Amino acid sequence: MIILPDGPLWDVPFQALQPRPNHYLIEDVAISYAPSLSVLSDTLRRGAQRSSGFPSLLALGDPATSSAERLPEAERQVRQIQKLNGREHSLVVTGAAAIEEMFKADAGRYAVVHVASHAILDDASPMYSHVLLAATPSGHEDGMLEAREMMDLDLHAEMVVLSACETARGEAVAGEGITGMLWAMFVAGSPTMVASLWRVESASTSELMIEFHRQWLQNRRGHVRFAKASAMRTAALKLIAMPRYAHPFYWAGFIVAGSPL
């Protein structure tokens, strides 16, 4: 099921709706989102073009920042994802090395980009919403990767994952979808974004993300048609089956947007 929300419907986690008591929609169908039909058409085309070949991964986790607490679960998250992809196919950078300047220089060379960090939503100016990375020692970059800067990236990735709080939020523009980090990564060249609707919890997010990557790689090798959306569905179902994380707060915050292929 591909959903094209408008206005306040961007705040609705459709995957957590219950078509009948105690049964979530995601238990019946894989779900993805798109800002508009034109964006969906474009991302489907670009997603299909990039769906061959084994992916290479760039993952940044738990960057050392001066303005936010460290995220040990984020480092575990990217290390586990690296194991799934294989060290020969991936580069993982954490702590003080996860600098904004490196990300801007290198992100365009990878097929999958994954960032596990803090994110700050700017309700007043969504294009100033940003992901926190480590600052460049020289001071050339401040460590705040803003949505307006994301738009200038030249990405060739078939998927960007922003594993952080409220990365799918922004300003809902009538008929055009939503501005902010989600839109910026589409403009930068990625046909698929995985982003969050609310302030997510670190441990459950890591469980969801690790399982998402595991399932996506399996779906890709098995030529599953909607590999990314199906992977998110399977990852969510795993958390639903865990009493600790069964509540939608833990698994429904992340969406696949753009191409579900």
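Refer to the structure presented above.
All values derive from a computational prediction rather than experimental measurement.

Peer 1: Can you help me understand unusual backbone geometry in this one?
Peer 2: Negative phi characterises most residues that are not glycine, and trans characterises most peptide bonds. For Asp62, which is not glycine, the phi dihedral falls at a positive 50 degrees. Position of Asp62 among the secondary structure elements: in strand β3 (residues 57-63). When its relative accessible area of 5% is taken as the criterion, Asp62 is described as buried. With a phi close to 60 degrees, Glu166 is a non-glycine residue in the positive phi region.

Peer 1: Mind showing me how you'd approach the side chain of Ser36 here?
Peer 2: Following the sequence through the fold, Ser36 ends up in the loop between β2 (32-33) and α1 (37-49). Separated by 3.0 Å, the side chains of Ser36 and Ser38 make a polar contact. Separated by 3.2 Å, the side chain of Ser36 and the backbone nitrogen of Val39 make a polar contact.

Peer 1: Would you take a moment to explain the nonpolar core for this structure?
Peer 2: In this structure, Phe103 and Leu162 are the most contacted members of the largest nonpolar core, which totals 43 residues. For this core, the leading source of residues is helix α5 (residues 181-188), giving six residues. Residues Ala116, Val194, Val200 and Ala231 belong to the second largest nonpolar core, which totals 36 residues.

Peer 1: Where do I start with the packing of helix α2 (residues 72-85) against helix α6 (residues 202-221) in this structure?
Peer 2: Between two packed helices, both the angle of their axes relative to each other and the distance between the axes serve to describe the pair. Running from N to C, α2 and α6 cross one another at 15 degrees; their axes reach a closest spacing of 9 Å. With respect to their mutual orientation, α2 and α6 come out roughly parallel. Where α2 crosses over α6, the two elements pack in a sense that is right-handed. For the pair α2 and α6, contact is made by Glu73, Ala74, Arg76, Gln77, Gln80, Ile81, Leu84 and Asn85 and by Ser202, Ala203, Thr205, Ser206, Glu207, Met209, Ile210, His213, Arg214, Leu217 and Arg221, respectively. Of the residues that constitute the contact of α2 with α6, the class distribution is seven nonpolar, seven polar and five charged.

Peer 1: What is the right way to read the pattern of salt bridges from this model?
Peer 2: Note that side chains of opposite charge can pair when their charged atoms are close. Taken as a whole, this structure holds 17 salt bridges when the rule is applied. A salt bridge links Arg76 to Glu207, with the nearest nitrogen and oxygen atoms 3.2 Å apart. Highlighted residues: Arg76 in helix α2 and Glu207 in helix α6, separated in sequence by 131 residues. A relative accessible area of 31% places Arg76 in the partly exposed class. The exposure class of Glu207 is partly exposed, given its relative accessible area of 24%. A salt bridge links Lys104 to Glu149, with the shortest nitrogen-to-oxygen separation between them at 2.8 Å. Of this pair, Lys104 sits in helix α3 (residues 100-106) while Glu149 sits in helix α4 (residues 147-150), and the two are 45 residues apart along the sequence. Take Glu149: its relative accessible area is 16%, and that puts it in the buried class.

Peer 1: Teacher, can you tell me more about helix α7 (residues 227-240) here?
Peer 2: Residues spaced three or four apart along an α-helix point in a common direction, a consequence of the helix completing one turn every 3.6 residues. End to end, α7 covers 20 Å across 14 residues, agreeing with the expected 20 Å (1.5 Å per residue, within 8%). Those residues of α7 lying buried are Ala227, Lys228, Ala229, Ala231, Met232, Ala235, Ala236, Leu239 and Ile240. Contacts from the buried residues of α7 go to β2, β9 (159-163), β12 (192-196), α6, α8 (248-251) and β13 (254-258).

Peer 1: Would you mind showing me how to read the packing of aromatic side chains here?
Peer 2: Two numbers describe a pair of aromatic rings. These are the distance of the centres and the angle of the planes. Scanning all chains against the criterion turns up five aromatic pairs. For the ring pair Tyr24 and Trp251, a centre distance of 5.0 Å and an interplane angle of 70 degrees mean the geometry is edge-to-face. Of this pair, Tyr24 sits in the loop between β1 (2-3) and β2 while Trp251 sits in helix α8, and the two are 227 residues apart along the sequence. Each member of the pair Tyr24 and Trp251 is classed as buried. Put simply, the rings of Trp10, Phe14 and Tyr33 pair up and form one aromatic cluster. Over the face of the ring belonging to Phe226 we find Arg225, whose NZ or CZ atom lies 5.6 Å from the ring centre.

Peer 1: What should I look at first to understand the pairing of β13 in this one?
Peer 2: Where burial is concerned, most of β13 is hidden: five out of the five residues are buried. Sheet topology places β12 next to β13; five bridges connect them, and they run antiparallel. The residue bridging Val194 from the neighbouring strand is Val256, located in β13.

Criteria and thresholds
Residues numbered from 1 in each chain as written. Predicted model: local features only at pLDDT ≥ 70, side-chain atom pairs only at ≥ 80, totals over all residues. Heavy atoms only, no water. Helix = DSSP H or I, 4+ residues; strand = E, 2+ residues; numbered from the N terminus. Buried < 20%, exposed > 50% of the residue type's maximum accessible area, 1.4 Å probe, protein only. Polar contact = N/O pair within 3.5 Å; in protein donor to acceptor, adjacent residues only side chain to side chain. Core = buried A, V, L, I, M, F, W, Y, C linked by side-chain atoms within 4.5 Å. Axes fitted to C-alpha atoms, helices over the stretch in contact; angles between N-to-C directions. Parallel < 35°, antiparallel > 145°, perpendicular 65-115°, else oblique. Left-handed = near helix turned anticlockwise from the far one by under 90°. Contact = heavy atoms within 4.5 Å. Nonpolar A, V, L, I, M, F, W, Y, C, P; charged D, E, K, R; others polar. Salt bridge = Lys/Arg side-chain N within 4 Å of Asp/Glu carboxyl O. Expected span 1.5 Å × (residues − 1). Phe/Tyr/Trp six-rings, centres within 6.5 Å; stacked < 30°, edge-to-face > 60°. Lys NZ or Arg CZ within 6 Å of the ring centre and 35° of its normal. Pairing = 2+ DSSP bridges.

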